[in-house]
Amino acid sequence: MRAMRVLRLVVHARSRQPVLILGEADGERCVPVFLRPAQAEVISAGARDDETSLSQDVLVPVVEALGAKLEGAEVTALVDGVFSADLVISGGVRVPVKPSDALAIAVRESLPIGMADEILDEVGQPTAELFPNGSDAPPAEQVREFKEFLADVDPEDFR
């Protein structure tokens, strides 16, 4: 399992679907994950704060009331172009959930995100090819670069 970090949240030009770009925390590959719109909104809201309350925010108090702790989210498999994911809870408990949900909760709660090595080996893209000016470029530059990339790509390219 590889530690991942959020590089960008963008919209795929042709399908208009939100895409979360996850990059290796200590590597040079990234993987696009197509999201459901509601979860993309949660991710775009960022880490939980005292001013905004979202429905996902109820999960942590429920888990804690049960005497456990939410430890992270892991993207565990890619089968026929569809990702699988788990929420990881203390005590070795794993709860299979939709990848969009796992990633939204991880971002909202500032939890670690992991991805199976096999996924990166199969569909990982060199980050430098997607973002020639680096993944920390100014937002306007990020959007321009990613639009260029997305102009000739569709979800099937990442199977």
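Look up a bit, the structure's there.
Because the structure is a prediction, the values reported are computed rather than measured. Residues take numbers from 1 onward in each chain, read along the sequence in its written order. Residues qualify for local features only when their pLDDT is at least 70, as the model is predicted, and side-chain atom pairs are given and counted only at 80 or more; totals for whole chains, interfaces and linings, by contrast, use all residues. Heavy atoms throughout the structure, all of them, feed into the side-chain values; hydrogens and water do not.

(A) Representation of the pairing of strand β5 (residues 82-89) within the structure. We call a residue buried when its accessible area falls under 20% of the maximum for its residue type, exposed when it is over 50%, and partly exposed in between, using a 1.4 Å probe and counting protein chains only. Strands are runs of DSSP state E lasting at least two residues, helices are runs of H or I lasting at least four, and both sets are numbered from the N terminus onward. Among the 8 residues in β5, 6 count as buried, and that is most of the element. Summarising the sheet, strand β4 (residues 70-79) and β5 pair through 8 bridges and their orientation is antiparallel. Looking at β5, one finds that L70 is bridged to I89. Two successive antiparallel strands, β4 and β5, enclose a turn made up of 2 residues, where D80 displays a positive phi of approximately 50°. For two strands to be treated as a pair, DSSP must find at least two bridges joining them. Pairing geometry for β5 and strand β6 (residues 93-97), over 5 bridges, is antiparallel.

(B) Representation of unusual backbone geometry in the model. Non-glycine residue D80 carries a positive phi angle of around 50°. Turning to its location among the elements, D80 is positioned in the loop between β4 and β5. Accessibility expressed as a relative area gives 63% for D80, which makes it exposed. With phi around 55°, S110 is a residue other than glycine that occupies positive phi space. Among the secondary structure elements, S110 is positioned in the loop between α3 (99-109) and β7 (113-115).

(C) Examining helix α1 (residues 37-45) more closely. Among all positions in α1, only Q39, A40, V42 and I43 are buried. Seen from one end, α1 has its buried residues packed into an arc of 155°, which puts them on one side. Those residues of α1 that are exposed and aimed more than 90 degrees away from the buried face are P37, E41 and S44. Positive backbone phi, approximately 80°, marks G46, located one or two places after α1. Directions pointing from the helix axis toward each C-beta atom define the arc.

(D) Summary view of α3. Of all the 11 residues making up α3, 10 are buried; the element is thus mostly covered by neighbouring parts of the structure. Within α3, the full set of buried residues consists of P99, S100, A102, L103, A104, I105, A106, V107, R108 and E109. Of the residues flanking the end of α3, it is S110, one or two places downstream, whose phi is positive at about 55°.

(E) Quick look at a nonpolar patch on the surface. Judged by side-chain polarity, V58, V62 and L66 come together as a nonpolar surface patch covering roughly 300 Å² of accessible area. Position of V62 relative to the elements: it lies in helix α2 (residues 59-65). A relative accessible area of 41% places V62 in the partly exposed class. Patch membership requires over 30% relative accessible area and the absence of a salt bridge. Like charges are linked within 9 Å, and nonpolar side chains (Val, Leu, Ile, Met, Phe, Trp, Tyr) within 5 Å. Each accessible area value is a Shrake-Rupley result obtained with a 1.4 Å probe; residue values ignore everything except the protein chains displayed when judging cover. For salt bridges, the criterion is a side-chain nitrogen of Lys or Arg within 4 Å of an Asp or Glu carboxyl oxygen.

(F) Expanded view of the packing of α1 against α3. Axis definition: a line fitted to C-alpha atoms, over the contacting stretch in the case of helices. Angles run 0 to 180 degrees between N-to-C directions. Contact geometry for α1 and α3: axes closest at 8 Å, N-to-C directions at 15°. Overall, the two elements α1 and α3 adopt an arrangement that is roughly parallel. In this structure, α1 meets α3 at a crossing whose hand is left-handed. Side by side, α1 and α3 meet where Q39, V42, I43 and A45 of the first sit next to S100, D101, L103, A104, V107 and R108 of the second. For the contact of α1 with α3, the residue count by class is 6 nonpolar, 2 polar and 2 charged. By definition in this entry, angles of less than 35 degrees are roughly parallel, angles greater than 145 are roughly antiparallel, angles of 65 to 115 are roughly perpendicular, and the rest are oblique. Two helices that cross are described as forming a left-handed crossing if the nearer one is turned anticlockwise from the farther one by less than a right angle, and a right-handed crossing if clockwise. Contacts are assigned to residue pairs that have any heavy atoms within 4.5 Å of one another. Under this grouping Gly is polar, as are all residues other than the nonpolar Ala, Val, Leu, Ile, Met, Phe, Trp, Tyr, Cys and Pro and the charged Asp, Glu, Lys and Arg.

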